[in-house]
Amino acid sequence: LNTGSPSEARSAALAQSSFFKGAAQMSREYDIVLFGVTGFTGRLAAEHLLLKAYPVKWAACARNESKAAAVLQDLGEKVGKSSALPKVEVCDLVCATEADEARLRAVVRRAKCVITTAGPFEKYGQTLVKVCAEEGVHYADIAGESDFFRLMIERHDGTAHRTGAKIVVHCGNDCIPWDLTVFEMSKYAQSKGAELVEASTFTEMHASAALSGGSLTTAVYQLGKKRVAGKPDFDPLLRTRQGSKSESLTQIASPKRERYVPEFKCRGGPWIMGPVMANCVRRSNALLGYSPNLLYGEMMLRCNSTWGHYFGEKAYTALVGAAVMMPSVFQRFLPGPGEGPTRETMDAGWLNVYATGKIVDKKSGQSTLLKSKFHFDGDTTYLNTARMLVESAMVLLTKEGPGGVTTPAVAMGSDIVQRLETELGARLELCED
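Quick caveat, the model's predicted, so the values are computed rather than measured. Starting from 1, residues in each chain are numbered consecutively following that chain's sequence as written. pLDDT decides what is reported in this predicted model: residues at 70 or higher carry local features, side-chain atom pairs at 80 or more are listed and counted, and totals for whole chains, interfaces and linings draw on all residues regardless. Side-chain numbers here rest on the full set of heavy atoms in the structure, without hydrogens or water.

Engineer: Can you help me understand helix H9 (residues 176–191) in this one?
Structural biologist: It helps to recall that an α-helix has 3.6 residues per turn; residues three or four apart then point in one direction. Helix and strand labels come from DSSP, where a helix needs a run of H or I of at least four residues and a strand needs a run of E of at least two; each type is numbered from the N terminus. Here a helix's expected span is defined as the number of its residues, less one, multiplied by 1.5 Å. In this model H9 runs 22 Å from its N-terminal to its C-terminal C-alpha over 16 residues, within 8% of the 22 Å that 1.5 Å per residue would give. Buried residues dominate H9, accounting for twelve of its 16 residues. Burial here depends on accessible area, computed with a 1.4 Å probe over protein chains only, as a share of the maximum for the residue type. Under 20% is buried, over 50% is exposed, and the range in between is partly exposed. Along H9, the residues classified as buried are Ile-176, Pro-177, Trp-178, Asp-179, Leu-180, Thr-181, Val-182, Phe-183, Glu-184, Met-185, Ser-186 and Ala-189. Looking one or two residues past H9, Gly-193 carries a phi angle of roughly 70 degrees, positive in sign.

Put into structure tokens, the structure is as follows:
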């Protein structure tokens, strides 16, 4: 006879042994469930799953079954995979009632890993993370929202650690290339008996890189929301698995204005996603212990930008700002959710993340400089973001390790780098300078 409250009963369930957690994972109906398939990046993720035809069972989940089925049917016809379409599960990510959450939970507990492209994640991802953490189901998203990341750590890190669920935020262009670049530098340092003490990344994108309607919706949502007063005792990004503040801290040294960068013979400076990359590295250092005082900086290079592109970017930023202030007037001039760059534009894209680092020998104190380059062919903001998300799921299905709300570097390490090189043709080169 159980006379405890529902919350006590759930806490008892979370305390089951690792044996039962493993048995439950093995008995799941689906290896992967994809949320967000009707959105721009979600369609690309479904396309990648269809084309790769990995030996996994997967399903799509959407609020509108007929719309999701139509998207999948269209994709199947385009890539010649009409006979391999996944099942569509139905539930809503915004759970207004207990019944809504129960329907979402019923889908999640049938999966080994959930992946989602449905943002803004602070709006559409909170209940999904909660349920995944409680059910011991791995989770990966393409969020570029530091506020969401912090909130999920505060609320669900302890639960995910107990159930073994890996809740991995930032599994797309935000922030795999940057996070794993710093991880590999630290890994190299450790192999030499040294410590990574400084790392700087320099981002170079094809000038045609564009934003989808979903990303713009997220930007407008984040910039327009009201901030909650009050702060925790320490930044949740620094939370260890024991719940204490990590002793491995990161000082951010990203530039606050544009300047000439002599190493690349062009100008560079801050950009909107720079702080997100830095916060991801901060979380990785806090959990993996690269250095007690890591110095990290990130900047966007403008080596290939024309003056027309530069002023066009400024005008577009102003339009996003106007949409925040007066959405009823200006938001209609921006792409809507589900809209994005053309395939031709995405195929022409590329990304280079250059990096420099300094490692210090733990015995002699001698410093050595490192340099690296992480290259992706094709657009990374959407095309390769979708692919990175799917490949992250493939790693999470087999990768051992503790649960918690973590980063790509913490949850997947070199396994995701190797998989991106094998499956996407990405290349990460690292050497001493």
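Engineer: Just checking my understanding: could you explain the packing of aromatic side chains for this structure?
Structural biologist: Paired rings are identified among Phe, Tyr and Trp, the last through its six-membered ring, by centres lying within 6.5 Å, and are further divided according to the angle between planes into stacked (under 30 degrees), edge-to-face (over 60) and tilted (the rest). Under the counting rule described, the total for this entry stands at six aromatic pairs. On the numbers, 5.7 Å between centres and 80 degrees between planes, the contact of Phe-40 with Tyr-382 is edge-to-face. Here Phe-40, found in helix H3 (residues 40–52), pairs with Tyr-382, found in the loop between strand E13 (367–377) and helix H15 (383–396); they are 342 residues apart in sequence, far enough to count as distant. Comparing Phe-40 with Tyr-382 shows no difference in burial state: the two are buried. Each ring, one from Trp-178 and one from Trp-271, has its centre 6.1 Å from the other, and the planes form 40 degrees; the classification is tilted. Here Trp-178 is found in helix H9, whereas its partner Trp-271 is found in the loop between strand E10 (266–269) and helix H11 (274–288), with 93 residues between them in sequence. The two residues Trp-178 and Trp-271 agree in class, both being buried. Each member of the aromatic cluster is reached from another via a ring pair, and the members are Phe-202, Phe-264 and Tyr-354.

Engineer: I keep staring at the pattern of salt bridges and nothing clicks. Help me out?
Structural biologist: Side chains that carry opposite charge are capable of pairing whenever their charged atoms lie near each other. When a carboxyl oxygen of Asp or Glu is within 4 Å of a side-chain nitrogen of Lys or Arg, the pair counts as a salt bridge. Going through the model one piece at a time under the given rule, you end up with 23 salt bridges. Arg-150 is the salt-bridge partner of Asp-235, the closest N and O atoms lying 2.9 Å from each other. Of this pair, Asp-235 sits in the loop between helix H10 (213–224) and strand E8 (249–252) while Arg-150 sits in helix H8 (residues 146–163), and the two are 85 residues apart along the sequence. When its relative accessible area of 21% is taken as the criterion, Arg-150 is described as partly exposed. A salt bridge links Lys-399 to Asp-415, with the nearest nitrogen and oxygen atoms 3.3 Å apart. Separated by 16 residues along the polypeptide, Lys-399 in the loop between H15 and strand E14 (404–406) and Asp-415 in helix H17 (residues 414–424) bring together distant segments of the chain. Using a relative accessible area of 26% as the deciding quantity, one classes Lys-399 as partly exposed.

Engineer: Would you take a moment to explain the sheet that holds strand E5 (residues 138–141) for this structure?
Structural biologist: Whenever strands of a sheet pair, they do so through backbone hydrogen bonds, lying parallel or antiparallel. In short, DSSP must find at least two bridges between two strands for them to pair. Spatially, seven strands are ordered E3-E2-E1-E4-E5-E6-E14 in an open sheet, and the strand pairing comes out parallel. The open sheet terminates on both sides in strands that have one partner only, identified here as strand E3 (87–90) and E14. Strand-to-strand twist across the sheet, computed as the mean angle between neighbouring axes with direction ignored, equals 20 degrees. Pairing of strand E1 (residues 30–35) with strand E2 (residues 58–62), which is carried by four bridges, proceeds in the parallel orientation. Bridge pairing links Phe-35 to Cys-61 in E2. For helices, the fitted line uses only the C-alpha atoms of the stretch in contact; every axis is such a line through C-alpha atoms, and the angle between N-to-C directions lies from 0 to 180 degrees.

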